[in-house]
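Chains, contacts and geometry: an overview
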Amino acid sequence: MSKGIAITGMGIISSIGNTVAENLSSLRAAKPGITRLDLIETRHRDAIMVGEIKKSNAELETQIGLAKDNNLSRTSMLGIIAAREAIVQASIDDIDAYRTGFISGTSVGGMDMTERYYTTYQESPEFRKYIATQHAGATTGDIARHLGIRGYVTTISTACSSAANAIMLGARMIKAGKLDRVIVGGTDGMSKFTINGFGTLMILSDEACTPFDENRKGLNLGEAAAYIVLESDKIVKKENKKVLGYVSGWANANDAFHQTASSAEGEGAYLAMKEALDIAEITPDAIDYVNVHGTATPNNDMSEGTAMLRIFGKENIPVFSSTKAFTGHTLAAAASVEAVFSLLSLQENMVFPNLNFKTPIEALDMTPQTTCLEKELNVILSNSFGFGGNCSTLIFTKA
Amino acid sequence: MSKCYIKGIASITAQPTTVEDQFLEEIISYQESIFRASDPNYKEFIKPAAMRRMSKAVKMGVTASQMALKQANIEQPDAIITGTGMGCRQDSEKFLEKILYDDEQYLTPTLFIQSTHNTVGGQIALGLKCKAYNVTYVQSAVSFESAIIDAQLMLDEQPNSNIMVGGIDEIAKTSSRFHILNGDVKKEEIHNLELLSSTTTGTIASEGATFMVIGNEDTTNNIAEIVDVEIKYSASVEEIKKDILEFIARNDLEITAIDAIVLGNNGDHSFDHYYQELQQTLFKDTEQLYYKHLIGEYHTASAFAYWIGTKIFEYKNVPDVLRLNDKKSQEHKNILIYNHYRGENHSIALLRKC
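What counts and how
Residues numbered from 1 in each chain as written. Chains lettered and ligands numbered in written order. Predicted model: local features only at pLDDT ≥ 70, side-chain atom pairs only at ≥ 80, totals over all residues. Heavy atoms only, no water. Domains from an automatic or database assignment. Contact = heavy atoms within 4.5 Å. Buried area = accessible area lost by both parts, 1.4 Å probe. Salt bridge = Lys/Arg side-chain N within 4 Å of Asp/Glu carboxyl O. Polar contact = N/O pair within 3.5 Å; in protein donor to acceptor, adjacent residues only side chain to side chain. Helix = DSSP H or I, 4+ residues; strand = E, 2+ residues; numbered from the N terminus. Nonpolar A, V, L, I, M, F, W, Y, C, P; charged D, E, K, R; others polar. Phe/Tyr/Trp six-rings, centres within 6.5 Å; stacked < 30°, edge-to-face > 60°. Buried < 20%, exposed > 50% of the residue type's maximum accessible area, 1.4 Å probe, protein only. Arc of directions from axis to C-beta. Axes fitted to C-alpha atoms, helices over the stretch in contact; angles between N-to-C directions. Parallel < 35°, antiparallel > 145°, perpendicular 65-115°, else oblique. Left-handed = near helix turned anticlockwise from the far one by under 90°. Pairing = 2+ DSSP bridges.

**Looking at the domain arrangement of chain B**
All names here are of chain B. The domains assigned to chain B are domain 1 (5-215) and domain 2 (224-353). For domain 1 and domain 2, the distance between their C-alpha centres works out to 21 Å. Residue-level contacts link 55 residues of domain 1 with 48 residues of domain 2. Overall, the association of domain 1 and domain 2 removes approximately 4000 Å² of surface from exposure, summing both partners, and the carbon and sulfur fraction of that is 65%. When residues of domain 1 are sorted by the area they lose upon contact with domain 2, Ile 6, Phe 23 and Leu 196 head the list and together hold 17% of the total. Our enumeration of links across domain 1 and domain 2 arrives at 1 salt bridge. Between the two partners, domain 1 and domain 2, sit 15 residue pairs in polar contact (both at pLDDT 80 or more).

**Some thoughts on the interface of chain A and chain B**
Contacts between chain A and chain B engage 64 residues on the former and 64 residues on the latter. For the chain A and chain B pair, buried surface summed over both sides reaches about 5200 Å², with 60% attributable to carbon and sulfur atoms. Among the residues chain A hides against chain B, the three largest losses belong to Tyr118(A), Arg150(A) and Gln259(A). Together they make up 15% of the total. Our enumeration of links across chain A and chain B arrives at 6 salt bridges. Its salt-bridge partner being Glu157(B), residue Arg172(A) comes within 2.9 Å of it at the nearest N-O pair. Where chain A meets chain B, there are 28 residue pairs in polar contact (both at pLDDT 80 or more). Elements with a minimum of two residues in the side of chain A that touches chain B: α4 (111-117), α5 (137-147), β4 (153-156), α6 (162-175), α7 (192-200), β8 (245-254) and α9 (267-280) of chain A. Looking at the side of chain A that touches chain B residue by residue, the classes come out as 24 nonpolar, 28 polar and 12 charged.

**With respect to the domain arrangement of chain A**
Residues and elements named next belong to chain A. Partitioning chain A into structural domains gives domain 1 (5-238) and domain 2 (248-397). Here domain 1 and domain 2 have C-alpha centroids that lie 21 Å from each other. The interface is formed by 65 residues belonging to domain 1 together with 61 residues belonging to domain 2. Interface area, domain 1 with domain 2, both sides summed: about 4800 Å², of which 72% is carbon and sulfur. When the buried surface of domain 1 facing domain 2 is broken down by residue, Leu 27, Phe 212 and Arg 216 rank first, second and third, together holding 19% of it. Along the contact surface separating domain 1 from domain 2 lie 2 salt bridges. Asp 301 is the salt-bridge partner of Arg 216, the closest N and O atoms lying 3.8 Å from each other. Applying the counting rule to domain 1 against domain 2 returns 20 residue pairs in polar contact (both at pLDDT 80 or more). For the side of domain 1 that touches domain 2, the secondary structure elements donating two or more residues are β1 (5-13), α1 (20-28), α6, β5 (181-188), α7, β6 (221-222) and β7 (224-231).

**What about the side chain of Thr17(B)?**
All names here are of chain B. Mapped onto the elements, Thr 17 comes out in the loop between β1 (5-12) and α1 (48-51). Looking at Thr 17, its side chain comes within polar contact range of the main-chain oxygen of Ser 11, at 2.8 Å. Those residues in contact with Thr 17, other than ones at most four positions away along the chain, are Ser 11, Ile 12, Leu 24, Phe 304 and Trp 307.

**Some details on the packing of aromatic side chains**
Aromatic ring pairs are reported here in terms of the distance separating the ring centres and the angle at which the planes meet. All names here are of chain B. In total, this model carries 19 aromatic pairs over all chains according to the counting rule given. Aromatic side chains Phe 23 and Tyr 315 sit 5.6 Å apart centroid to centroid with 40° between the ring planes, which places their arrangement in the tilted category. With Phe 23 in the loop between β1 and α1 and Tyr 315 in helix α11 (residues 303-315), the pair connects residues that are 292 residues apart, well separated along the chain. Residue classification places Phe 23 among the buried residues on the basis of a relative accessible area of 3%.

**A look at α1(A)**
For the α-helix, the turn length of 3.6 residues means that residues three or four positions removed from each other point alike. All names here are of chain A. Restricting attention to buried positions, one finds in α1 the residues Val 20, Asn 23, Leu 24, Ser 26 and Leu 27. Down the axis of α1, the sector holding all buried residues measures 165°, keeping them to one side. Buried-residue contacts for α1 involve β1, α3 (74-89), α11 (324-327) and α12 (334-348). Trailing α1 by a residue or two, Ala 30 shows a phi angle of about 55°, which is positive.

**Remarks on the environment of Lys56(B)**
All names here are of chain B. For Lys 56, the location among the structural elements is in helix α2 (residues 56-72). Residue Lys 56 is classed as buried on the basis of its relative accessible area, which comes to 10%. When the C-alpha atoms of Lys 56 and Gln 76 are compared, they prove to be 24 Å apart, with 20 residues separating the residues in sequence. Once residues lying within four places of it in the same chain are set aside, the contact partners of Lys 56 are Arg 36, Ala 37, Asp 39, Tyr 42, Gln 90, Glu 170 and Glu 207. At 2.7 Å, the side chain of Lys 56 and the side chain of Glu 207 are in polar contact.

**What about the packing of α3(A) against α5(A)?**
Residue and element names in this part refer to chain A. Contact pair α3 / α5: the axes reach a minimum separation of 9 Å and the direction vectors enclose 40°. By the angle between their directions, the pair α3 and α5 is classed as oblique. In the crossing of α3 with α5, the sense of the turn from one axis to the other is right-handed. Residues Thr 75, Ser 76, Gly 79, Ile 80, Ala 83, Arg 84 and Ile 87 of α3 pack against Thr 139, Asp 142, Ile 143, His 146 and Leu 147 of α5. Of the residues assigned to the contact of α3 with α5, the class counts are 5 nonpolar, 5 polar and 2 charged.

**Here's the deal with the pairing of β1(B)**
Residue and element names in this part refer to chain B. Within β1, 8 of the 8 residues are buried, which leaves it mostly tucked inside the rest of the structure. Summarising the sheet, β1 and strand β5 (residues 208-215) pair through 7 bridges and their orientation is antiparallel. Note on β5: the bridge partner recorded for Ile 12 is Ala 209.

**Some details on helix α9 (residues 273-280) of chain B**
Residue and element names in this part refer to chain B. Listed as buried for α9 are Tyr 274, Tyr 275, Leu 278 and Gln 279. Along the axis of α9, the buried residues cluster in a sector spanning 135°; they form a single face. Contacts from the buried residues of α9 go to α8 (237-250), β7 (260-263), β8 (288-290), α10 (292-295), β9 (334-341) and β10 (344-353).

**Some remarks on the packing of α9(A) against helix α10 (residues 298-312) of chain A**
Residue and element names in this part refer to chain A. Orientation of α9 relative to α10, taken along the N-to-C sense of each, is 40°, at an axis distance of 8 Å. Classified by the angle their axes make, α9 and α10 are oblique. Crossing of α9 over α10 shows right-handed handedness. The residues of α10 that touch α9, namely those facing Glu 267, Ala 269, Tyr 270, Met 273, Lys 274 and Leu 277, are Ala 307, Met 308, Arg 310, Ile 311 and Phe 312. Each residue belonging to the contact of α9 with α10 can be placed in one class, and the counts come to 8 nonpolar, no polar and 3 charged.

Given below as structure tokens:
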């Protein structure tokens, strides 16, 4: 088995908690963060359930300690909170001590501010400071500036697999010796844009989502930010760092089927899982648990389940669960949220449950883990797929 | 590091840069501060049924990618890596306006589906039925360079692969004009060819798509080698000078070995001093070139500097319209590229003749 790249810190803010510890306690208690939407005005309020972080922008500004005239989007602020926690846990006090990079995934970037002030820019100069947040890279810049990272900084936007690709790129950069240390993950704030976008695709559920259930009605949108710190073996050794786990496998493949829908045979997902196993130098039977993408849309779960049957075989499907019923689908942040959850699973030797499941999908006959399960976990596979046919798989192993 | 050769390159810009067998012989001038790309005949590359739903970014991206593949004589790339500052902003803007002006009603999915940043990369993959690695970078002025750095990693990991790398950005009716309101784009009308005599802040904005196919096989068809690329989020002028010196030294060169430097001057009085300082100090005796007066500024405009470099190698000639000073090199072997946008997202790259 490949040793992989060491993970030395993690941070998260999601609808089930403002810190790693709070997220863990909600996961253990099987306590989801799915509610009605409170902080965005939309005519769809009563038609959808969401994973919303119940902190207003003003509260986030205060928590971070931002100046009044800041122009940060919600996506940036969530990102700062999560990235800061990751850096603290990794005991990084001098960011410039090593070649440090920052790779963030986002799908909407500053869209929350754009949609709020779009119609006012012409008349109201006071809101024009938000025009700069129109491009997604601005979000990453805000977080990088806050962390004091001035070198290699970039953003990946492959819709709902963005953070997986950010983690994968970070691991590759360290492996190639181009960086010594990199903070990787993703952030997406809730926006009317995505609510309406997913609404037009008719894949938003009006109830709490039910991943991998025969009668699933669609997904719950969520918002979150999560980051992990990857460090070279050299730093880990030199500073005697505590390693939380390793990213030991990664892959990205394209379904090349449809701009938004996944193919029936789950070709992209299959290729991503297969190649990630190859990179990790393991066979499918080494996987102790799969944290599935499991958005609870009819299309995703069917396609992903089919791909899993192809990889593992019907008799050998590992324990699996989708944690999206806790947090909602947090889009570009989803893969980093689930990376943190996977690291917690390794740490606690616990599979977190796939909530709200009742009936297996008839055509698949696969049953996810529905309660907290204590089990020795050494290798976890995590899937993330996105529009544009983007399919990514990460494999995490115990330290 | 594995070698990284450009095997094919094509660029759609506000100039007629897709006309074959020409290197900026014909120049289009513009009087506005926002101007559109000069369209090639998209019908030659895209079926009419598919084209109807495509925004400009997708049309430009799909077309430029086909042109680059054709030049490289490659049918199927082993990865598709794109960069875009703003993505498909036309469809994003239309979808957002419907949400805002029709009170979240009467929406259709097409605009949303096509609004994501990775639409162009996804559409190219769909068109080629390409199931390989596919990623989109959106980091302002280093979106394209981020894509190259990823491709370099990949050439190390999977030798003998051919990787498609592209940069795309489009103008949208309303959101592009917002940048006049916030001062990023000049308020006054300006003649693009006189960009650098402007004394105001802001720049001129446009759109375009540049695609290349890169690989590490040493063949006679290679057009240029990308020796090294570096990105840096923030830096002072002094830090950039130091970085460039280190960059050149790291590649075993001295400043005198740089035959031309291609700079990203965009006429913004507040930020062009990064370039001016390099022009007046480190590179005062070097041939200095610029291009944003021709193609405007956009997040992936710097991709055009790579196109210029390859054309200089191919034509053994530098069009005068690109010149910033009167220094001329007899021969071009090493071309340095430096770019930034508003003092952030700096990139340094070295191209070498094959």
